[in-house]
Structures are given as structure tokens and as C-alpha cells.
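So you can see what is in the structure, the chains are spelled out below.
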Amino acid sequence: MHYLALLGSHEKNGITAGYLQAVIDALPTEATVDTVFLRDYEIYPDTKERACPALDEIEAKMAASDFWIICAPTYWGGLSGVMKQFFDCMRFRLVRMNSVADTLPGKYQNKHYLSMTTCFISSADNFFTGITDQTFVTIDRVLSGAGLIKVGEFVGTGTWGTHAPRPEKLAECQRWGQKIAHRPRKDDNTLKRYILLFFMIAIMALITMGLQAWWFDVFAAGTFWLTYCTFVIIFYVLLASILHFFTFVRHRRR
């Protein structure tokens, strides 16, 4: 496996970099890892006259890698400017556009990524305020648009007033390094999970309604299956919508 670590912080050896390094150190010794500190590069948008040489160099590393680790701190409740500028300048290299300006996955489709960030506030404060939510939303919007598959996310909270990464968070980073080392290249099981959820709900609904009809004679004869089928479909749509909202939209990171 070939890994690419993109560091979008202001400091090359700061706390954010320390967490990233902990993930890298947990990877197998035979793994190939390229670490790119974005501030080392002069990054600017491509023009009609010439392409940005720094983007050419980084893009070659991105294409050669199986797995990307995107690491950047959260500033002002959003993704750091260093990483955001890189994403902005890479926009037309990450995705392709059709004639009606729809964004479609490009050549990086089906690669995997892990997103990492840090913030000043504590884990409890981050859970209730969601200060890092927008950082992950931005990373996910860019990389999912490019067709990459998300493996997970890490947030290093409580960096204010500290000079080194927290031991418990370093241990979490090491676990992530071990986890992504054994990740298959293509494993987007989203559709499979929703199908499994559908059948779980259908079975539970059948048992529930069967018991209701048996014990309490809730349903009139001849209308049981119609009532059951409509109940399963409506219940599934509502539950799937709620799960999607709380899992992807309002999920809070500690």
C-alpha cells in the first residue's frame, strides 16, 4: 500500500503534525508513505498560460497513492486556510465537469481517505458545539465529490495551552494507523448497509404486527398484509432519513 499524508497546518512540527505522525508510525514498515507539508509549496490556481508546478508535483503523489490522510487544524470553526486553498486550487484536477456544470468523480475514484483535525476546545465542548463539524463537512464534500471513500475521522481536542499531543489521542491515532493498514481498496458498503437495514426493519415490523394481531386483534381480517407492507415502507423511509440526518449531518465529534 502507498499512503499520502497531506498536512495543512501552519507548523511543520506542531501538535497537529504530531497526531498525523502517530498514524504514520502505526502503518506497516513495508508501506510507502509520502508526507506533504503544504506550506513548503507555492500553490496557486492553474492559468491558461501554464499549470502550477507545485500542483503537478502533489498531483503525481496523489495519483500514485492508494490511501490519503488529510490532516489540518480547525480555525474559526472551519478548515484551515492552507488546506482550503489547496482544495480550491485543485478543484478542476480532482473532479470533472459536464456540459451543465455537474461535478463528477475524476481519476481518483474509489481511493480511500482518513480525515484528521485539531481544535482548541475540549472534547465535551466540541460534542455540544460541533466546532469541528464544518471542517469535516468541507473535507468530505471535496473528496466524496472526487469519488473517494471515507474510512473514518479523528479530532484532537484540547490543544489550547498544550505543547505536545495528548497520550490518549496519540493512542487513538495509532489505532487508526493499524485499522487503515488492513483496509481493502474498494469497500463502499453503503448500499449493502441500507439493504440490510431494510430487511431488519421488515422482520421486526412483521413480528411486532403479528403479535399485535394475535394478542389484540388490531387488524381486521383481509387487511393485514396491506397494512404491514405500507407500514414497513413508511417506517423504513422515515428511519433512514433520521439515521442519515444524525449520522452525517449532525454527528458530533469528540
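Source: prediction; values computed, not measured.

Asks: How should I be thinking about the sheet that holds strand β9 (residues 149–156) in this particular structure?
Replies: Pairing between the strands of a sheet is mediated by backbone hydrogen bonds and can be parallel or antiparallel. Pairing in this open sheet of five strands is parallel, and the strands run β2-β1-β3-β8-β9 from one edge to the other. Two strands lie at the open edges of the sheet, namely β2 (32–37) and β9, each paired on one side alone. Going across the sheet, the axis of each strand differs from the next one's by a mean of 15°, ignoring polarity. Pairing of strand β1 (residues 2–7) with β2, which is carried by six bridges, proceeds in the parallel orientation. Each residue of the ladder has a partner; that of L7, found in β2, is F37. Lying on the sheet, helix α7 (residues 167–181) is in contact with β1, β3 (67–71), β8 (112–118) and β9; it crosses β9 at an angle near 170°.

Asks: Help me understand the nonpolar core, please; the structure alone is not making it clear to me.
Replies: Grouped burial of nonpolar side chains is what soluble globular proteins tend to show. The biggest cluster of nonpolar side chains holds 28 residues, and the ones touching the most others in it are L6, L38, M62, W68, M83 and F86. Of all the secondary-structure elements, those providing two or more residues to this core are β1, α2 (53–64), β3, α3 (81–89) and α6 (133–145). Ranked by residue count, the leading element in this core is α3, at five residues. Discounting chain neighbours no more than four positions away, the residues touching M83 are L6, L7, G8, L38, I70, C71 and A72. By size, the runner-up hydrophobic cluster in this structure holds 23 residues, among which are A22, C173, W176 and I180.

Asks: Which parts of the structure should I look at to understand unusual backbone geometry?
Replies: For residues other than glycine, phi is negative in most cases, and the peptide bonds are mostly trans. The backbone phi angle of W76 is positive, close to 55°, even though this residue is not glycine. With phi around 75°, N110 is a residue other than glycine that occupies positive phi space. Note on placement: N110 falls in the loop between β7 (103–105) and β8. Take N110: its relative accessible area is 30%, and that puts it in the partly exposed class.

Asks: I keep staring at the packing of helix α1 (residues 15–25) against α7 and nothing clicks. Help me out?
Replies: The axes of two packed helices give the description: the angle between them and the distance between them. Running from N to C, α1 and α7 point in directions that differ by 40°, and their axes come no closer than 7 Å. For the element pair α1 / α7, the angle class is oblique. For α1 against α7, the interelement crossing comes out right-handed. Residues G18, Y19, A22 and V23 of α1 form the contact with α7, whose own contacting residues are K169, L170, C173, Q174, G177 and I180. A per-class count over the contact of α1 with α7 returns six nonpolar, three polar and one charged.

Asks: Would you take a moment to explain α2 for this structure?
Replies: Quick reminder: α-helices carry 3.6 residues per turn. Residues three or four places apart thus point the same way. Between its terminal C-alpha atoms α2 stretches 17 Å, which fits the 16 Å expected from 12 residues at 1.5 Å a residue. Along its buried surface, α2 packs onto β1, β2, β3, α3 and α4 (91–94).

Asks: What is the right way to look at the side chain of T118 in this model?
Replies: In this structure, T118 sits in strand β8. Polar side-chain contacts of T118 include one of 2.8 Å to the side chain of T16. Residues in contact with T118, not counting those within four places in the same chain, are T16, Y19, A72, P73, T74, G156 and T159.

Asks: Looking at this structure, I do not really get the side chain of T157. What am I missing?
Replies: Along the chain, T157 falls in the loop between β9 and α7. Among the polar contacts made by the side chain of T157, one reaches the side chain of S123 at a distance of 2.7 Å.

Asks: Mind showing me how you'd approach the packing of aromatic side chains here?
Replies: The geometry of an aromatic ring pair is captured by the separation of the ring centres together with the interplanar angle, meaning the angle of the planes. Within the structure shown, the criterion is met by eight aromatic pairs. Residues F86 and F87 carry aromatic rings whose centres are separated by 6.0 Å and whose planes lie at 40° to one another, so their mutual orientation is tilted. A relative accessible area of 1% means that F86 is categorised as buried. Through successive ring pairs, a cluster of aromatic residues spans F198, F199 and Y236.

Asks: Is there a simple way to think about the state of the cysteines in this case?
Replies: Any covalent bond linking the sulfur atoms of two cysteines counts as a disulfide. With the rule as written, the count across this model stands at zero disulfides. C89 supplies the cysteine sulfur nearest to C52, a cysteine that is in no disulfide, at a spacing of 6.9 Å. The cysteine C71 is free of any disulfide, with C173 supplying the nearest cysteine sulfur at 8.0 Å.

Rules used in this analysis
- Residues numbered from 1 in each chain as written.
- Predicted model: local features only at pLDDT ≥ 70, side-chain atom pairs only at ≥ 80, totals over all residues.
- Heavy atoms only, no water.
- Pairing = 2+ DSSP bridges.
- Helix = DSSP H or I, 4+ residues; strand = E, 2+ residues; numbered from the N terminus.
- Axes fitted to C-alpha atoms, helices over the stretch in contact; angles between N-to-C directions.
- Contact = heavy atoms within 4.5 Å.
- Core = buried A, V, L, I, M, F, W, Y, C linked by side-chain atoms within 4.5 Å.
- Buried < 20%, exposed > 50% of the residue type's maximum accessible area, 1.4 Å probe, protein only.
- Parallel < 35°, antiparallel > 145°, perpendicular 65-115°, else oblique.
- Left-handed = near helix turned anticlockwise from the far one by under 90°.
- Nonpolar A, V, L, I, M, F, W, Y, C, P; charged D, E, K, R; others polar.
- Expected span 1.5 Å × (residues − 1).
- Polar contact = N/O pair within 3.5 Å; in protein donor to acceptor, adjacent residues only side chain to side chain.
- Phe/Tyr/Trp six-rings, centres within 6.5 Å; stacked < 30°, edge-to-face > 60°.
- Disulfide = S-S within 2.5 Å.

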